[in-house]
Protein chains: 2
Amino acid sequence: MTIKTSFNCILISLLLISCSEKQKEPEKKQNTTNFIIIFADDLGYGDLGVYGHPTIKTPNLDRMANEGQKWTNFYAGASVCTPSRAALLTGRLPVRSGMASGKHRVLFPDSKNGLPAREITLAEQLKKVGYRTAAIGKWHLGHKEQYLPTNHGFDYYFGIPYSNDMDMVSGLIPYWDYWQQPNDSIKTEHFNVPLFRNTKIIERPANQNTITTRYSDEAVSYIKQNKDKPFFVYLAHNLPHIPLFVSDEFKGTSERGLYGDVLEEIDNGVGKILKTLEDEGLAENTIVVFTSDNGPWLPFKLNGGSAGLLRAGKGSTWEGGMREPGIFWSPGQIKPGVVSDLGSTMDLFATFSKIAGISLPEDRILDSHDLSPTLFDKAANTRKSILYYRGTEIYAARVGDFKAHYITQGVYGQFGEKIEHETPILYNLNQDPSEQFDIAEEHPEILQQIQDAVAKHNSKLVRGEDQLADRE
Amino acid sequence: MTIKTSFNCILISLLLISCSEKQKEPEKKQNTTNFIIIFADDLGYGDLGVYGHPTIKTPNLDRMANEGQKWTNFYAGASVCTPSRAALLTGRLPVRSGMASGKHRVLFPDSKNGLPAREITLAEQLKKVGYRTAAIGKWHLGHKEQYLPTNHGFDYYFGIPYSNDMDMVSGLIPYWDYWQQPNDSIKTEHFNVPLFRNTKIIERPANQNTITTRYSDEAVSYIKQNKDKPFFVYLAHNLPHIPLFVSDEFKGTSERGLYGDVLEEIDNGVGKILKTLEDEGLAENTIVVFTSDNGPWLPFKLNGGSAGLLRAGKGSTWEGGMREPGIFWSPGQIKPGVVSDLGSTMDLFATFSKIAGISLPEDRILDSHDLSPTLFDKAANTRKSILYYRGTEIYAARVGDFKAHYITQGVYGQFGEKIEHETPILYNLNQDPSEQFDIAEEHPEILQQIQDAVAKHNSKLVRGEDQLADRE
């Protein structure tokens with residue numbers, strides 16, 4: 001009897017285990033990978049050690065790249081802040097959401113609108129299966145309450161809602177001195193930017209000297225508080241966008257000067273986050289991504305970054321404007337190596353959705369490709385092209401190795417002439433990453449292929465109503 | 001009795017051990033670190049994955065850098081072949097040995113002279129304590145018998161004694177087509193370069209399609225044959241100097257095109273060498289260094305390399321002409337990390353001498369600094385300056401972070417105007433590695449410091465008799 005009872009108990013136990021495992025299995029697949037996006041502002045392709053900078057020391061980001069995947073053909077969704085951020089969070093080209101405009105390139109403190117409520121953000125998507133979601137840092141998708149992160153799928157927000165050079169106290173400083181050497185006369189209190197917690201302003205002007213480390217520390221706290229649930233942390237630093245500010249601990253530490261100090265403070269925060277994940281036993285089921293919103297703001301000279309061997313920078317549709325470091329880290333999950341496949345910040349939407357087991361919305365066109373075959377197995381992903389919009393116009397398009405420039409223009413702040421090319425300029429970007437040697441004449445058939453891809457895109461394009469145009 | 005005998009035997013044995021250990025100890029210190037220098041030709045600062053190239057895949061060199069030290073302020077001794085190689089092997093500026101000239105920049109197949117016998121090469125230095133020494137690859141320090149490696153301290157030579165574009169079969173090919181895209185009409189038999197084993201020509205024209213892998217395989221054989229002795233292998237690839245040739249195995253494999261194929265074949269050879277060292281148990285007592293003789297030959301467009309974010313290339317005294325990847329590997333010995341201290345190929349002479357316990361020659365001025373404090377302990381080394389000679393003239397000088405340009409001129413093959421600057425141009429290279437922002441006006445005191453260092457150098461300079469001027 002005893003034996004039989006025991007046997008039955010075991011049997012029942014086995015059935016229970018089996019049953020609960022059956023129920024748990026899909027839940028596990030859906031919900032147990034956490035996601036962290038660390039998003040820098042105006043950081044160039046060449047600004048990290050592992051991407052070739054000689055004197056900016058980024059040991060934590062280098063480690064992420066060496067233990068994970070270093071992507072070398074990874075793109076921001078646009079070459080300036082607002083549309084780039086809209087692209088990342090919606091998985092859609094900003095021209096679809098109305099977050100690209102022919103009138104203004106970004107939102108300003110007197111802008112009336114923001115990311116429309118009808119857009120589905122990555123946070124809203126992940127909340128469908130119960131993720132806890134936090135936005136920490138720069139938002140720049142509308143600063144009015146209805147546009148803030150907490151009204152776009154984030155449970156929590158802590159940050160400055162737009163660029164750190166906005167709300168400048170008028171008449172106080174010769175702003176364009178920033179085009180020259182670092183200028184100690186520029187103070188954080190000269191920029192009256194607000195710091196929000198959720199929908200409330202808790203500090204104004206935000207103390208930008210300490211903001212980078214405060215952002216990283218907020219991320220660490222959020223991870224610790226939510227370690228038992230699946231979570232998504234979108235950590236969007238306000239820096240190294242000018243004006244450059246750094247905490248005392250990092251001031252004067254980098255051989256690269258103030259810009260390097262700022263990056264090394266960001267890198268230090270990356271180290272804290274990785275350590276937290278490791279200490280909490282979360283490293284193997286958390287994917288950490290590092291990238292930036294657009295290329296370096298070159299007219300600011302040493303206060304701007306470097307695109308390395310890429311041409312031009314922020315605001316332009318040359319490679320330096322939109323190609324960025326793209327680092328994916330999750331020990332055991334992400335197959336380590338250098339990846340030269342095409343990728344975009346817009347792809348994070350489909351990739352995280354796939355990993356979390358969430359269907360993609362079917363009522364709209366997405367520009368998002370699932371990168372998980374490449375991340376987990378180094379297999380090819382489905383992205384084969386990149387569109388380079390400037391505002392609402394396609395300036396250039398890449399298909400495979402080749403990029404055609406239809407229109408070219410200077411970087412943000414030094415716009416120069418807008419040149420429409422009767423015969424587009426054609427480069428093989430994998431052979432000629434610095435965009436030096438036009439091969440359009442030898443390869444009309446490639447130009448035609450790219451033109452066909454652009455025509456196909458245009459034929460299905462529904463433009464969202466311009467959300468950037470109206471200002472008070 | 002038995003016990004006593006045994007005791008005595010033990011005592012004697014102990015004494016013998018003690019005695020032989022005493023004798024062995026200095027020998028061990030002197031002789032048990034092997035040295036391998038892998039020297040590329042015309043490879044740019046930006047041409048390796050770990051130095052930021054997006055599509056050239058160099059997993060073995062990346063591994064060397066990640067497991068060892070990646071130096072980011074490491075310089076060749078000159079901006080073209082012959083003087084750069086003389087500098088590395090003698091630890092002296094080429095102007096001292098006569099291997100720099102105001103008439104010709106390098107040796108040619110009709111040159112009469114070569115590296116003078118009075119110069120002490122690194123091979124001769126290491127032979128003082130019994131090293132086995134091999135030169136494999138490009139020599140370019142004189143092709144007549146008395147100048148060949150076997151008359152300069154190397155036990156063994158296998159290679160092409162000058163550049164792979166020399167001895168061109170006349171009238172056969174439009175050589176400057178190489179300025180354009182890769183040209184399949186260029187064949188290895190169009191370059192009648194000889195391949196030597198020791199002092200004998202064993203193949204002419206050398207089959208350049210297979211030469212890269214043959215060089216690496218020779219190095220592997222030499223290591224295996226000499227694994228029980230201390231050895232020094234100087235493996236100087238002829239490539240990626242134009243004309244570019246690659247073996248069938250690597251043809252068409254790189255996204256970067258032919259230039260990438262060539263580098264990936266070199267990288268593959270690096271992998272074979274590291275594996276051999278590991279398989280033979282030699283990794284922990286062999287230091288492997290990878291660097292290049294000068295920057296990329298830019299006028300050859302896609303057949304030349306990339307200096308990454310550095311300005312200009314081969315032949316010039318801008319950073320792109322002389323700053324190179326510098327990777328040091330020896331697991332357990334070399335402390336891993338990124339190093340931005342100054343270093344030069346000339347420093348290998350003093351560094352290897354120190355490690356092998358050999359005194360430096362006292363009858364001549366050396367330009368060689370011991371880098372071992374940095375390699376082993378990340379302590380500062382004694383090098384604080386770099387002189388940028390073009391031929392026999394100082395064009396620029398770096399002291400600490402700062403570089404003054406006294407004369408500037410274009411790259412090799414597109415010489416342009418020689419400009420003597422009344423006020424030198426001054427850059428902070430660690431802040432401004434691309435040499436964009438002249439700060440001479442703000443820092444006359446730094447210009448003066450550099451000028452003082454140059455004057456001190458000049459006051460002691462004895463110029464060697466020009467060995468490059470005479471041709472048949």
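Residues numbered from 1 in each chain as written. Chains lettered and ligands numbered in written order. Predicted model: local features only at pLDDT ≥ 70, side-chain atom pairs only at ≥ 80, totals over all residues. Heavy atoms only, no water.

Asks: Quick question: what am I supposed to make of the sheet that holds strand β12 (residues 393-399) of chain A here?
Replies: Paired through backbone hydrogen bonds, the strands of a sheet run either parallel or antiparallel to each other. Residues and elements named next belong to chain A. Strands sit in the order β11-β12-β13-β14 across an open sheet of 4 strands; the sheet is antiparallel. Two strands bound the open sheet, and with one partner strand each, they are β11 (385-390) and β14 (419-428). When the angles between neighbouring strand axes are averaged without regard to direction, this sheet yields 15 degrees. Contacting β11, β12, β13 (402-408) and β14, helix α11 (residues 444-460) runs over the sheet at an angle of about 70 degrees to β13. (Pairing = 2+ DSSP bridges. Helix = DSSP H or I, 4+ residues; strand = E, 2+ residues; numbered from the N terminus. Axes fitted to C-alpha atoms, helices over the stretch in contact; angles between N-to-C directions. Contact = heavy atoms within 4.5 Å.)

Asks: When you look at the packing of helix α2 (residues 59-67) of chain A against helix α7 (residues 258-279) of chain A in this model, what are you seeing that I'm missing?
Replies: What describes two packed helices is the angle between their axes and the distance between those same axes. Residue and element names in this part refer to chain A. The contact between α2 and α7 brings their axes to 7 Å, and the two run at 55 degrees. By the angle class used here, α2 and α7 are oblique. Residues Pro59, Asn60, Leu61, Arg63 and Met64 of α2 form the contact with α7, whose own contacting residues are Asp267, Asn268, Val270, Gly271, Leu274 and Glu278. Here the residues of the contact of α2 with α7 sort into 5 nonpolar, 3 polar and 3 charged. (Parallel < 35°, antiparallel > 145°, perpendicular 65-115°, else oblique. Nonpolar A, V, L, I, M, F, W, Y, C, P; charged D, E, K, R; others polar.)

Asks: Is there a simple way to explain the side chain of B:Thr33 in this structure?
Replies: Counting through the fold element by element, B:Thr33 comes out in the loop between α1 (2-31) and β1 (34-40). Its relative accessible area of 9% is what places B:Thr33 among the buried residues. (Buried < 20%, exposed > 50% of the residue type's maximum accessible area, 1.4 Å probe, protein only.)

Asks: Can you help me understand the sheet that holds strand β2 (residues 69-75) of chain A in this one?
Replies: Residues and elements named next belong to chain A. Spatially, 10 strands are ordered β6-β5-β4-β3-β7-β1-β8-β9-β2-β10 in an open sheet, and the strand pairing comes out mixed. Two strands in the sheet have a free side with no partner beyond their single neighbour: β6 (200-203) and β10 (337-344). In this sheet, adjacent strand axes meet at a mean angle of 20 degrees when their direction is disregarded. Two elements, strand β5 (residues 195-197) and β6, share 3 bridges in a ladder whose sense is antiparallel.

Asks: Can you walk me through the environment of B:Leu309 in this structure?
Replies: Mapping B:Leu309 onto the fold places it in the loop between β8 (286-292) and α8 (319-322). Given a relative accessible area of 8%, B:Leu309 falls into the buried group. When sequence neighbours within four positions are dropped, the list of residues in contact with B:Leu309 reads A:Gly52, A:His53, A:Pro54, A:Ser306, A:Gly308, A:Leu309, B:Tyr45, B:Pro433 and B:Ser434.

Asks: Which parts of the structure should I look at to understand the interface of chain A and chain B?
Replies: When the parts come together, some accessible area is lost, and that loss is often what is quoted as the size of the interface. The interface of chain A with chain B comprises 32 residues on the first partner and 32 residues on the second. In total, chain A and chain B occlude about 2700 Å² of area from one another, counting both sides; carbon and sulfur atoms represent 55% of this. For the chain A face of the interface with chain B, the top three residues by lost area are A:Pro54, A:Gln431 and A:Phe437, together amounting to 22%. Counting the contacts that link chain A with chain B gives 0 salt bridges. At the boundary of chain A with chain B, the tally comes to 12 residue pairs in polar contact (both at pLDDT 80 or more). When contributions to the side of chain A that touches chain B are tallied by element, the ones reaching two or more residues are α2, β2 and β10 of chain A. Here the side of chain A that touches chain B takes 3 residues from β2(A), the largest share from any one element. Residues that form the side of chain A that touches chain B fall into these classes: 10 nonpolar, 14 polar and 8 charged. (Buried area = accessible area lost by both parts, 1.4 Å probe. Salt bridge = Lys/Arg side-chain N within 4 Å of Asp/Glu carboxyl O. Polar contact = N/O pair within 3.5 Å; in protein donor to acceptor, adjacent residues only side chain to side chain.)

Asks: Explanation requested: the layout of surface pockets in the structure shown.
Replies: The rolling of a water-molecule-sized probe over the atoms marks out the regions of remaining empty space. Of the pockets and cavities examined, the largest pocket occupies roughly 830 Å³. In terms of lining residues, the largest pocket is bounded by 42 residues, among which A:Gly308, A:Leu309, A:Leu310, B:Gly308 and B:Leu309 are the most central. Its residues placed into classes, the lining of the largest pocket shows 17 nonpolar, 17 polar and 8 charged. (1 Å grid on protein atoms, 1.4 Å probe; cavity = no way out; pocket = protein on both sides within 12 Å on 5 of 7 lines; lining within 4 Å. Points joined across faces, edges and corners; volume = space filled by probe spheres on them.)

Asks: Teacher, can you tell me more about the packing of aromatic side chains here?
Replies: Two measures describe an aromatic ring pair: the distance that separates the ring centres and the angle between the ring planes. Residues and elements named next belong to chain A. Taken as a whole and assessed by the stated rule, the structure comprises 32 aromatic pairs over all chains. An aromatic cluster is defined as three or more aromatic residues linked by ring pairs; in this entry it consists of Phe39, Trp139, Phe154, Phe232 and Tyr234. We note Lys70 situated over the ring of Tyr51; from NZ or CZ to the ring centre the distance is 5.1 Å. (Phe/Tyr/Trp six-rings, centres within 6.5 Å; stacked < 30°, edge-to-face > 60°. Lys NZ or Arg CZ within 6 Å of the ring centre and 35° of its normal.)

Asks: It is not clear to me how unusual backbone geometry should be interpreted in this structure. Could you clarify?
Replies: Of all residues except glycine, most have a negative phi; of all peptide bonds, most are trans. Residues A:Ile242 and A:Pro243 are joined by a peptide bond in cis, for which omega reads -5 degrees. Residue position: A:Pro243 is located in the loop between β7 (231-236) and α7. Each neighbour pair has its own omega, and for B:Leu239 with B:Pro240 the value is 5 degrees, a cis peptide bond. With respect to the helices, strands and loops of the structure, B:Pro240 is situated in the loop between β7 (231-236) and α7 (258-279).

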